[in-house]
Protein chains: 2
Amino acid sequence: MRRILPLLLAAPLLLAQAPSPQAAPETQPVYNAADSIIANAPASHWIDIPADDIMVMETAAGTMAIQLAPQFAPAHVAAIKALVRTGQFDDGRIVRVQDNYVVQWTARPDPAKPKAAPLPAEYERPMAGLSFTPSPYQDTYAQAGWVSGWQAARDPATGTAWLAHCYATVGVGRDNPPDTGDSTELYTVIGHGPRHLDRNIANVGRVLSGIEPHAALPRGSEALGFYRTEAEKPKITRVRLASQIPGFARWQMMDTASPSFAAVVQARANRTGFFPRPAGAADLCTLRVPVRAVK
Amino acid sequence: MRRILPLLLAAPLLLAQAPSPQAAPETQPVYNAADSIIANAPASHWIDIPADDIMVMETAAGTMAIQLAPQFAPAHVAAIKALVRTGQFDDGRIVRVQDNYVVQWTARPDPAKPKAAPLPAEYERPMAGLSFTPSPYQDTYAQAGWVSGWQAARDPATGTAWLAHCYATVGVGRDNPPDTGDSTELYTVIGHGPRHLDRNIANVGRVLSGIEPHAALPRGSEALGFYRTEAEKPKITRVRLASQIPGFARWQMMDTASPSFAAVVQARANRTGFFPRPAGAADLCTLRVPVRAVK
């Protein structure tokens, strides 16, 4: 007899198209309510992700699709897209894998290129112009919620909002003295959400698909999980925007202001079936936004 | 120029003996205040971990030392120790690795053995007899804090406390209908702390060392991250209690009621140096209890 743990929360993505392994009607547990809500959400509750905002990174480990967030880090995202279009990430390397923390990679060094001009900090941005859907549950760090499909937080005192550091969030590495990074070095979170990094670093997006083989890379043996030798560093073979790839899947994210998403949040906070005692709450990093690839 | 992210929180263990890679006095960043507090904590702020409470699991991936928590799950821990002593985990298998969730393993099936009698649930226990140090920060799920070196939570309404599901927590797998598991199938958390499992499953301990290569195992291709074939399942070669291993290191955990631990919590919630905007708070799963191997 094989003993199991529940599926919910486990998948980094909730692909509405993917059949749930527990979706056979006669055996479907009640705790899959969120899956049913996602599968049945009307088209109007989904938002198309622009193909030009998806960075597709092929590495020795696999292919990772990353959604960029120009509304939160416009200068960094523009710099990243320029690096992608000029092929600067091709032949880059994954340089660091630190357990319960991050996978970090870097563009191909270009000694001929002068150091890029500093970018604005973009650690947070004014709330003005953003639609914020607050989480119904307490957050340890700030007022948690969602901005148009993104896990975010805000501070009424400063009138600012920012992308939260959760599993699969993508940010820009920087040096120890506060600078902003030049976008040639990026990382994604592969452990418990390090929310203390919020407002201390520029977040530029999140992984839509393909994080699994990267999160399973060997941890680096050096301080901070850096790989010791060049040979250890997994190669980045090619990076393109989805808009440059003919036939690349169209991606959508659930509208976090929609009734479907509110129902997903409720279902995840009040799981039944496997759970004799539903939590009655859920923290921001567990309340991931459903995304899906569509035909 | 290599761009870095800060070390704190990254390490699954805070080994006071291990030199910090950033500990050279001329370069030590201020944000390593927690490391300094740990390194300088007096002996009286540390608690010896009984060698009989440490399960040492050798697998194809590496060796993992797990501290058991008899004060929270006495029946399950007794069952696990009996399985270890009779060699039932030797030649077991890691059967499941699910990204951002768990690594799960199982004892060697023993067809000759009758099914074990059900164990008590042990999902939570009375507060009576426990010393609870509350976290100074808000928690989404309950009243968070520590019980004698363990990340825990409590509910004043029920007068109960429980071990929290955080990175490296070890629990007992069970089937979908609420039962308690028979301790032949265990898992450890390798993703964002799934606190919704709190009080829904029996937590029996935490990984002290060696989680890294196990968290880096390939994710299983089947539903819930189960491996598809027997050949994929990493072998468990041998499991013993530390008390059965001559010369095994003595381990200690920081006394979470000590001033040193209170200072560590403050330092982690108020990082400086790399952090232009300290969070001013930290959630339970990031406030890990320092542990160390001593001579």
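Here is what the cut-offs are and how they apply
- Residues numbered from 1 in each chain as written.
- Chains lettered and ligands numbered in written order.
- Predicted model: local features only at pLDDT ≥ 70, side-chain atom pairs only at ≥ 80, totals over all residues.
- Heavy atoms only, no water.
- Domains from an automatic or database assignment.
- Contact = heavy atoms within 4.5 Å.
- Buried area = accessible area lost by both parts, 1.4 Å probe.
- Salt bridge = Lys/Arg side-chain N within 4 Å of Asp/Glu carboxyl O.
- Polar contact = N/O pair within 3.5 Å; in protein donor to acceptor, adjacent residues only side chain to side chain.
- Helix = DSSP H or I, 4+ residues; strand = E, 2+ residues; numbered from the N terminus.
- pLDDT = per-residue confidence, 0-100.
- Buried < 20%, exposed > 50% of the residue type's maximum accessible area, 1.4 Å probe, protein only.
- Pairing = 2+ DSSP bridges.
- Axes fitted to C-alpha atoms, helices over the stretch in contact; angles between N-to-C directions.
- Parallel < 35°, antiparallel > 145°, perpendicular 65-115°, else oblique.
- Nonpolar A, V, L, I, M, F, W, Y, C, P; charged D, E, K, R; others polar.
- Phe/Tyr/Trp six-rings, centres within 6.5 Å; stacked < 30°, edge-to-face > 60°.
- Lys NZ or Arg CZ within 6 Å of the ring centre and 35° of its normal.
- Disulfide = S-S within 2.5 Å.

1. Observations concerning the domain arrangement of chain A
Residue and element names in this part refer to chain A.
Okay, step 1: The assigned domain composition of chain A is domain 1 (44–48 + 251–294) and domain 2 (52–109 + 120–249).
Okay, step 2: Here the C-alpha centroids of domain 1 and domain 2 sit 22 Å apart.
Okay, step 3: Counting residues at the interface gives 21 residues for domain 1 and 28 residues for domain 2.
Okay, step 4: Here domain 1 meets domain 2 over a buried area of about 1800 Å², counting both sides, of which 66% is carbon and sulfur.
Okay, step 5: Broken down residue by residue, the surface that domain 1 buries against domain 2 is led by Trp251, Leu284 and Cys285, which jointly contribute 38%.
Okay, step 6: For the interface between domain 1 and domain 2, the tally reads zero salt bridges.
Okay, step 7: For the interface between domain 1 and domain 2, the tally reads five residue pairs in polar contact (both at pLDDT 80 or more).
Okay, step 8: Among the elements of the structure, strand S15 (250–254), helix H4 (259–269) and strand S16 (291–294) are those that each provide at least two residues to the side of domain 1 that touches domain 2.
Okay, step 9: Top element by residues in the side of domain 1 that touches domain 2 is H4. It accounts for four residues.

2. As for the confidence of the model for chain A
Residue and element names in this part refer to chain A.
Okay, step 1: Averaged over all residues, the pLDDT of chain A is 88; the fraction at 70 or higher stands at 86%.
Okay, step 2: Every residue in residues 1–31 is under pLDDT 50, and counting partners more than four places away or in other chains gives 107 contacts.
Okay, step 3: Across the interface, the model reports ipTM at 0.89; the global pTM reads 0.90.

3. Here's the deal with the pairing of strand S10 (residues 160–163) of chain B
Residue and element names in this part refer to chain B.
Okay, step 1: Side chains Thr160 and Trp162 of S10 all project onto a buried face; the interleaved residues Ala161 and Leu163 project onto the opposite face, where all are buried too.
Okay, step 2: Sheet topology note: the strand S6 (residues 125–126)/S10 ladder contains two bridges and is antiparallel. In the sheet register, Arg125 faces S10, and the bridge partner there is Ala161.
Okay, step 3: Pairing between strand S9 (residues 150–155) and S10: four bridges, direction antiparallel.

4. Considering the pattern of salt bridges
All names here are of chain B.
Okay, step 1: Inspection of the entire model under this criterion finds 30 salt bridges over all chains.
Okay, step 2: The closest approach of N and O atoms between Lys235 and Asp91, which form a salt bridge, is 3.7 Å. Of this pair, Lys235 sits in strand S14 (residues 235–241) while Asp91 sits in the loop between helix H2 (74–85) and strand S4 (92–98); the two residues are 144 residues apart in sequence, bridging distant segments of the chain.

5. Some points on the environment of Asp53(B)
Residues and elements named next belong to chain B.
Okay, step 1: As for its position among the elements, Asp53 is in the loop between strand S1 (46–49) and strand S2 (54–59).
Okay, step 2: Considering only alpha carbons, one finds Asp53 and Ala242, 189 residues apart in sequence, at a separation of 7.6 Å.
Okay, step 3: In contact with Asp53, not counting residues within four places along its chain, are Ile66, Gln67, Leu68, Pro70 and Lys81.
Okay, step 4: A distance of 2.8 Å separates the side chain of Asp53 from the side chain of Lys81, its partner in a polar contact.

6. As for unusual backbone geometry
Okay, step 1: The backbone of Arg199(B) sits at a positive phi, close to 65 degrees, despite the residue not being glycine.
Okay, step 2: Looking at where Arg199(B) falls in the secondary structure, it is placed in the loop between strand S12 (185–189) and strand S13 (203–209).

7. Things to note about the environment of Ala202(B)
All names here are of chain B.
Okay, step 1: Relative to the helices and strands, Ala202 resides in the loop between S12 and S13.
Okay, step 2: The exposure class assigned to Ala202 is buried, which follows from its relative accessible area of 1%.
Okay, step 3: Taking C-alpha positions, Ala202 is 9.4 Å from Ser183, a pair spaced 19 residues apart along the chain.
Okay, step 4: What Ala202 contacts, discounting residues up to four positions off in sequence, is His76, Ala121, Glu122, Tyr123, Gly171 and Val172.

8. So, the sheet that holds strand S5 (residues 102–106) of chain B
Okay, step 1: Strands sit in the order S2-S3-S13-S11-S12-S5-S4-S14 (chain B) around a closed barrel of eight strands; the barrel is antiparallel. Here the strands of the sheet are splayed against their neighbours by 35 degrees on average, with no regard to which way each runs.

9. Some thoughts on the sheet that holds strand S4 (residues 92–98) of chain A
Residue and element names in this part refer to chain A.
Okay, step 1: Here eight strands make up a closed barrel; going around it, the order is S2-S3-S13-S11-S12-S5-S4-S14 and the pairing antiparallel. When the angles between neighbouring strand axes are averaged without regard to direction, this sheet yields 35 degrees.
Okay, step 2: Bridge count for strand S11 (residues 169–172) against strand S13 (residues 203–209) is three bridges, and the pairing is antiparallel. Bridge pairing links Gly171 to Asn203 in S13.
Okay, step 3: Where helix H2 (residues 74–85) meets the sheet, it contacts strand S2 (54–59), strand S3 (63–68), S11, strand S12 (185–189), S13 and strand S14 (235–241), and its direction lies at approximately 110 degrees from that of S14.

10. So, the packing of helix H1 (residues 33–40) of chain A against H4(A)
Residue and element names in this part refer to chain A.
Okay, step 1: The contact between H1 and H4 brings their axes to 8 Å, and the two run at 170 degrees. In this view, H1 runs roughly antiparallel relative to H4, as classed from their interaxial angle. In this structure, H1 contributes Ala33, Ala34, Ile37 and Ile38 to the contact, and H4 contributes Ser260, Ala263, Val264, Ala267 and Arg268.
Okay, step 2: In terms of residue class, the contact of H1 with H4 is made up of seven nonpolar, one polar and one charged.

11. Digging into the packing of aromatic side chains
Residue and element names in this part refer to chain A.
Okay, step 1: In this structure the tally under the stated criterion is four aromatic pairs over all chains.
Okay, step 2: Between Trp146 and Phe261, the aromatic rings sit 4.9 Å apart at their centres with planes inclined by 75 degrees, giving edge-to-face as the arrangement. One end of the pair, Trp146, is in strand S8 (residues 143–147); the other, Phe261, is in helix H4, and 115 residues separate them in sequence. Here Trp146 matches Phe261 in class, with each residue buried.
Okay, step 3: Seen in terms of ring centroids, Phe274 and Phe275 are 5.3 Å apart; in terms of plane orientation they differ by 70 degrees. Their pairing is edge-to-face. Summarising the burial analysis for this pair, Phe274 and Phe275 share the class buried.
Okay, step 4: Sitting over the ring of Trp150, Arg206 keeps its end group 4.1 Å from the ring centre.

12. Topic: the pairing of S14(B)
Residue and element names in this part refer to chain B.
Okay, step 1: Judged from the five bridges that link them, S2 and S14 form a sheet pairing that is antiparallel. Among the inter-strand pairings, Thr59 is bridged to a residue of S14, identified as Ile236.
Okay, step 2: Inspection of the sheet shows S4 paired to S14 by two bridges, in the antiparallel sense. If you follow Gly92 over to S14, its bridge partner there is Ile236.

13. Comments concerning the state of the cysteines
As used in these notes, a disulfide is a covalent bond between sulfur atoms, one from each of two cysteines.
All names here are of chain A.
Okay, step 1: Tallying each qualifying case throughout the model produces two disulfides over all chains.
Okay, step 2: The disulfide partner of Cys166 is Cys285, and the S-S distance across this bridge is 2.0 Å. Taking the torsion about the sulfur-sulfur bond, which here is approximately -80 degrees, the covalent link between Cys166 and Cys285 counts as left-handed. Of the two residues, Cys166 is situated in the loop between strand S10 (160–163) and S11 and Cys285 in the loop between H4 and S16; the sequence distance between them amounts to 119 residues. The pair Cys166 / Cys285 is uniform in exposure class, with both members buried.

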